[in-house]
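Now for the letters of each chain:
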Amino acid sequence: MKEQVAEVVVAGHICLDIISSLPYAGGGPDRILVPGKLVNAGPVVLSTGGTVSNTGIALHRLGMSVLLMGKIGDDLFGRAVLELLRRQSPELADSMIVMAGEETSYTIVINSPEIDRMFLHFTGANDTFQGSDLRWELLSGARLFHFGYPPLMKRMYADGGVELAGMLHEVKRMGLTTSLDMAMPDPASEAGRADWIAILEKALPQVDVFMPSMEEILYMLDRSFYERLVSAEGDIAEHLDGEVLRALADRMIGMGAAIVAIKLGEHGLYMRTAGERRLQSMGGCAPKNSGEWAGRELLATCYQVEVAGTNGAGDCTIAGFLAGLLKGLSPESVMRAAVAVGACNVERQDAVSGIPSWETVQRRIEAGWPKRANRLRLDGWRYHTDAELWIGPNDGKITV
C-alpha cells in the first residue's frame, strides 16, 4: 500500500454507535426496560462516533486531506468501523490502528419518544491508546494534529496525564500544530475524579489550539461553580457573561495554550488568543500574520437553521475552525467558518452527512446567511456588522 501524506491527522477516541429506536415509553424508561419483558424495537442504525470519526470525516467532507488514527480491535465491531469509514471514502480506513486481541469501543444508543436518549458505553481499545500506538511515520509532512476525548481514554488521564502530555510534546517536536478537544467525564467515574487541573497544566504547554465546551472546562477548572450552575434553572451558558469567559480563557492561555476556543452550544463560539510570541511557535499552522491574531477576543453567534439533531455539532464546529486555520484565514473568517460548519451539522440527525464542501459553506455565508441573536451578557462588547462577530473589550490586548 502506498504511504499516505496528509495535511491533518485526527487521532483519539472512536467507537461504533449502535442506535436502537424503542416505542413510546408511556411513563418513563422503567416501563420499557423491565426484566424478562420482550420489547419490540425498530431497525438498528450503525454509525461511527467519537472525535476521529466526527471531526475527521467533517474535515474530509470540507476538502481537507485527512488521516484517521483511532484504535480498534480486530473483532466484528472493529471490522464494522472500518467498513463504515470506507463508505465515506476508501482511504479513510487505511491509517486506522487495528490491534489484535483488543475489543472495539461501542455505544448502545436507546431512542424513545419524549424521553432523553440513554447510552450504554464500552470504552474498549480507547482505554489502552497511548502515544506509541500512533503511526508516527505518517505524521511526517502533516501540518496539524488534532486529538480528542482524553477523558474517555484511561491511559490519557492516568498518572496525572503524563502520557497525553508526552505524546503532544513529540508531535510538536515534529513541527505540527497541535489541537485538543475534550469530553465530559462521568462525575462518578475514575475520569470524573481525576485531577484535571494538574492534567491540563502538563498538557496545555504542548497545545496550540484548545477547544473544550463550556461545561467541560467549568467542570475541570472550577467544579464548585459548575455544580452551582447545574443546579440553577436554564442553560448553563445563560448564567455566564463575558468576564467569566475571559477569565477561563486567560487561565488556559496562562497554562500554555496559544488559542482557546470555548464551544457554547446554541450560543456560539468564544475565542481568546495569546500574544505574538506564543502564536509564532504554533508550528505548521502558525498564522502568517501573527499580529492579526494576537490578543484577540471574539464571539461568533450561531447561524439560523432548522435543527434536526445536535449529534457531533461540537466536533464539526472544530472541523470548521481547523479548516480555516489550515487555509491561513483571518481570525474573523475562521470563527465564521467554525459556527457555519456547526450549523450545517445540526440540519441533519447524524453527525456528518450535513457537512458540504468548503466552497458551499462559504457561498452560504457570503449570500447573507442570517445569524441568531446573542443571548449572553456581554457588557462592554461591540458588534462588528461587517465581520458578523462580537468583539470583546480586551480585544487586541496581549495576554501571554
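Refer to the preceding data block for the structure.
Note that the structure is a prediction, hence the values are computed from the model and not measured. All chains use their own residue numbering, which begins from 1 and follows the written sequence. Thresholds applied to this predicted model are a pLDDT of at least 70 for local features of residues and 80 or more for the giving and counting of side-chain atom pairs; totals over whole chains, interfaces and linings are not thresholded and use all residues. The basis for every side-chain value is the complete set of non-hydrogen atoms in the structure, without hydrogens or water.

Things to note about the overall build of the chain
Next up, step 1: Assigned secondary structure in the chain consists of 13 helices and 15 strands.
Next up, step 2: On C-alpha atoms alone, the chain measures out to a radius of gyration of 20 Å, which is about the 21 Å that the 2.2 N^0.38 rule sets for 400 residues.
Next up, step 3: If one aligns the C-alpha atoms of the chain with their principal axes, the spans along those axes are about 65 × 50 × 45 Å. In DSSP terms, a helix is any run of H or I states spanning at least four residues, a strand is any run of E spanning at least two, and both are numbered starting from the N terminus. This radius of gyration counts C-alpha atoms alone. The globule rule is 2.2 Å times how many residues there are, raised to the power 0.38.

Thoughts on the sheet that holds strand β14 (residues 382-384)
Next up, step 1: Strands sit in the order β5-β4-β1-β8-β9-β10-β11-β12-β13-β15-β14 across an open sheet of 11 strands; the sheet is mixed. Whereas interior strands pair on both sides, the edge strands pair on one side only; in this sheet they are β5 (97-99) and β14.
Next up, step 2: One bridge is not enough; two strands pair if DSSP finds at least two bridges between them. Two elements, strand β1 (residues 8-12) and strand β8 (residues 144-148), share five bridges in a ladder whose sense is parallel. If you follow alanine 11 over to β8, its bridge partner there is phenylalanine 147.
Next up, step 3: The strands that helix α2 (residues 76-88) touches are β4 (66-73) and β5; relative to β4, the one it contacts most, it runs at about 160°.
Next up, step 4: Only heavy atoms enter the contact rule, under which two residues are in contact if any of them lie within 4.5 Å. Angles shown run from 0 to 180 degrees and are taken between the N-to-C directions of axes, each axis being a line fitted to C-alpha atoms and, for helices, limited to the stretch in contact. Each of β8 and β9 (177-181) touches helix α4 (residues 162-173); the most contacted strand, β8, lies at about 165° to it.

A short note on the sheet that holds strand β7 (residues 118-122)
Next up, step 1: Taken in spatial order, the four strands line up as β3-β2-β6-β7 in an open sheet, and their pairing is mixed. Edge positions in the sheet fall to β3 (45-49) and β7, since each has one partner strand and no second. Direction aside, the axes of adjacent strands within the sheet are offset by 20° on average.
Next up, step 2: Strand direction decides the pairing type here: strand β6 (residues 106-111) and β7, joined by five bridges, are antiparallel. From the neighbouring strand, threonine 107 faces β7, where its bridge partner is histidine 121.
Next up, step 3: Here α2 sits on the sheet in contact with β2 (15-21), β3 and β6, set at roughly 90° to β2.

Structural notes on the nonpolar core
Next up, step 1: By nonpolar core we mean a set of buried residues, namely Ala, Val, Leu, Ile, Met, Phe, Trp, Tyr and Cys, connected to one another through side-chain atoms within 4.5 Å. A simple rule labels every residue: compare its accessible area, found with a 1.4 Å probe on the protein chains alone, to the largest value its type can have, and call it buried under 20%, exposed over 50%, or partly exposed in between. In this structure, Leu59, Leu85, Met96, Ile259 and Phe321 are the most contacted members of the largest nonpolar core, which totals 65 residues.
Next up, step 2: The dominant element in this core, judged by the number of residues it contributes, is helix α12 (residues 331-346), at nine residues.
Next up, step 3: One finds Phe147, Val171, Ile236 and Met252 within the second-largest nonpolar core, a separate group that totals 60 residues.

Examining the packing of α12 against helix α13 (residues 358-366)
Each pair of packed helices can be summarised by the angle the axes make with each other and by the distance between the axes.
Next up, step 1: Between α12 and α13, whose axes approach to 10 Å, the crossing angle comes to 105°. Accordingly, the angle class assigned to the pair α12 and α13 is roughly perpendicular. For the pair α12 and α13, the contacting residues are Arg336, Ala337, Ala340, Val341 and Cys344 in the first and Trp358, Val361, Gln362, Arg364 and Ile365 in the second.
Next up, step 2: Residues are grouped as follows: nonpolar covers Ala, Val, Leu, Ile, Met, Phe, Trp, Tyr, Cys and Pro; charged covers Asp, Glu, Lys and Arg; every other residue, Gly included, is treated as polar. Classifying every residue of the contact of α12 with α13 by side-chain character gives seven nonpolar, one polar and two charged. Note that the term roughly parallel is reserved for angles under 35 degrees, roughly antiparallel for angles over 145, roughly perpendicular for angles of 65 to 115, and oblique for everything else.

Quick look at the environment of leucine 298
Next up, step 1: Tracing the chain through its elements places leucine 298 in strand β13 (residues 297-300).
Next up, step 2: Overall, leucine 298 belongs to the buried group, its relative accessible area being 0%.

Topic: the side chain of arginine 296
Next up, step 1: Note that arginine 296 resides in the loop between α10 (290-293) and β13.
Next up, step 2: N or O atoms closer than or at 3.5 Å make up a polar contact, with two conditions inside protein: a donor-capable atom paired with an acceptor-capable one, and, for residues adjacent in sequence, both atoms drawn from side chains. A distance of 2.8 Å separates polar atoms of two side chains, one belonging to arginine 296 and the other to aspartate 395.
Next up, step 3: Setting aside anything within four residues of it in sequence, one finds arginine 296 in contact with Met271, Arg272, Thr273, Pro331, Glu332, Asp395 and Gly396.

Re the pairing of β6
The side chains of a regular strand alternate between the sheet's two faces.
Next up, step 1: Sheet analysis places β2 next to β6, joined by six bridges and oriented parallel. Following the sheet pairing, isoleucine 18 is matched in β6 by isoleucine 108.

Re the packing of aromatic side chains
Next up, step 1: Each aromatic pair joins two rings of Phe, Tyr and Trp (for Trp, the six-membered one) with centres within 6.5 Å, and gets the label stacked for planes under 30 degrees apart, edge-to-face for over 60, and tilted for any other angle. Evaluation of the coordinates by the stated rule reveals nine aromatic pairs.
Next up, step 2: Judged by centre distance (6.1 Å) and plane angle (55°), the ring pair of tyrosine 270 and tryptophan 381 falls under tilted. In this pair, tyrosine 270 is assigned in strand β12 (residues 269-273) and tryptophan 381 in the loop between α13 and β14, connecting sequence segments 111 residues apart. As far as the burial class goes, tyrosine 270 and tryptophan 381 line up, both buried.
Next up, step 3: One aromatic cluster is present, formed by Phe77, Tyr106 and Phe122 through successive ring pairs.
Next up, step 4: A cation sits over an aromatic face here: arginine 223 above tyrosine 219, 3.8 Å from the ring centre.
Next up, step 5: Either the NZ atom of lysine or the CZ atom of arginine qualifies as a charge over a ring when it sits within 6 Å of the ring centre and within 35 degrees of the ring normal. The aromatic ring of tyrosine 303 is capped on one face by lysine 371, whose charged end is 5.0 Å from the ring centroid.

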